[in-house]
Amino acid sequence: MTVYFIGAGPGDPDLITLKAKSMIERCPVCLYAGSLVPEAVVACAPKDAVVKDTAVMTLDDTHADILAAHGRGEDVARVHSGDPSLYGAIAEQIRRLKADNIPYEIIPGVPAYAAMAAAMGQELTIPEVAQSIVLTRMSMQSTSMPEHETLDNFGRTGATLAIHLAVRNMREIERQLVPHYGADCPVVVGYRVGWPDQKIIRGTLSDIRKKVRAEKITRTALIMVGPALAASQDFVDSALYDPNTPHVLRPVKGIDLVEDHNT
């Protein structure tokens, strides 16, 4: 048997990959994180499958179910929200699987930041404005952050920040980031992106806290901060399609390019 860690995407059942769906359809056991994964995503599980919402379960509970499935020789679909490589809490599960010699495979999914960018209708990397995205979170009541992974340090880069698990700490986000981005820096908060009640709230570091509070949002939100989020169209075109910028597949007349097979 094999345990399949499956990325279910941000919530919209149509955003799950074909491979992920096919695995759920054939696994006799399905354990899904019901607080973030809608039932519609796992509705395709076999009619006689064991389907459990793990939101109320502990790591010991879920591993016990996996051990039981292992004993029966049954594959397990372990369904997580977004992409399981990011805040999926699969590392500790994998450690236990390795200790018990249980095979596993990871099937990636659409991460929340990508789904949110799509909902916003814009690119996150704007030429000469921001070419990097920092995926991070804040400690609050969850696992503590490493000493140097602070918003203050990340803010010094000027990159686009995608901040998870922090919507209850908007005041601290404002305090740490205003010195680096300025009070008028664009901020977008995505609530339950991909779900029917999705909300996209736009503001700045100086006013987003009040807007979020007015919407009574206290969980299941992603916060993006950075100048690349501005609605302005005043930026240079990417060199990717520039007729005066040659590359291997589109050389400029008079310039011979040799493809570098070592890159």
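Above this note sits the structure.
Residues numbered from 1 in each chain as written. Predicted model: local features only at pLDDT ≥ 70, side-chain atom pairs only at ≥ 80, totals over all residues. Heavy atoms only, no water.

## Quick look at the pairing of strand S4 (residues 76-80)
How we decide: With a 1.4 Å probe rolled over the protein chains alone, any residue whose accessible area is under 20% of its type maximum counts as buried; one over 50% counts as exposed, and the rest are partly exposed. Runs of H or I in DSSP of at least four residues are treated as helices and runs of E of at least two as strands, each being numbered from the N terminus. Here the rule is simple: two strands pair whenever DSSP picks up at least two bridges between them.
Most of S4 sits inside the fold, with five of its five residues counted as buried. Here S4 shows two buried faces, one formed by Val76, Arg78 and His80 and the other by Ala77 and Val79. Summarising the sheet, strand S1 (residues 3-7) and S4 pair through five bridges and their orientation is parallel. What sits directly across from Val3, in S4, is Val76. Taken together, the four bridges between strand S2 (residues 29-32) and S4 define a ladder with parallel strand orientation. Along S4, the bridge assignment pairs Val29 with Val76.

## A short note on the sheet that holds S2
Our working definition: What counts as an axis is a line fitted to C-alpha atoms, over the stretch in contact for a helix, and the angles between N-to-C directions run from 0 to 180 degrees.
Taking strand neighbours across the sheet as the criterion, the five strands line up as S3-S2-S4-S1-S5 in an open arrangement whose pairing is parallel. Since the sheet does not close on itself, it has two edges, and those belong to strand S3 (50-53) and strand S5 (104-107), each with one partner. Averaged over neighbouring strand pairs, the angle between their axes works out to 15° when direction is ignored.

## Points about the side chain of His164
The test is simple: Contact criterion: two residues are considered in contact whenever any of their non-hydrogen atoms come within 4.5 Å of each other.
By secondary structure assignment, the location of His164 is in strand S7 (residues 160-164). When residues no more than four places from it in sequence are discounted, the contact partners of His164 are Leu86, Tyr87, Thr136, Arg137, Met138 and Leu222.

## Describing the packing of aromatic side chains
Cut-off, in case you're wondering: Think of it this way: a Phe, Tyr or Trp ring, Trp meaning its six-membered ring, pairs with another when their centres are within 6.5 Å, and the plane angle makes it stacked under 30 degrees, edge-to-face over 60, tilted otherwise. Lysine NZ or arginine CZ positioned within 6 Å of the ring centre and within 35 degrees of the ring normal marks a charge as sitting over the ring.
According to the stated counting rule, one finds one aromatic pair in the structure shown. Here the aromatic rings of Phe5 and Tyr104 are separated by 6.2 Å at their centres, their planes lie at 70°, and the arrangement is edge-to-face. Taken as a pair, Phe5 in strand S1 and Tyr104 in strand S5 lie far apart in primary sequence, 99 residues in all. The ring of Trp195 has Arg192 sitting right over it, with the charged end atom 4.0 Å from the ring centre.

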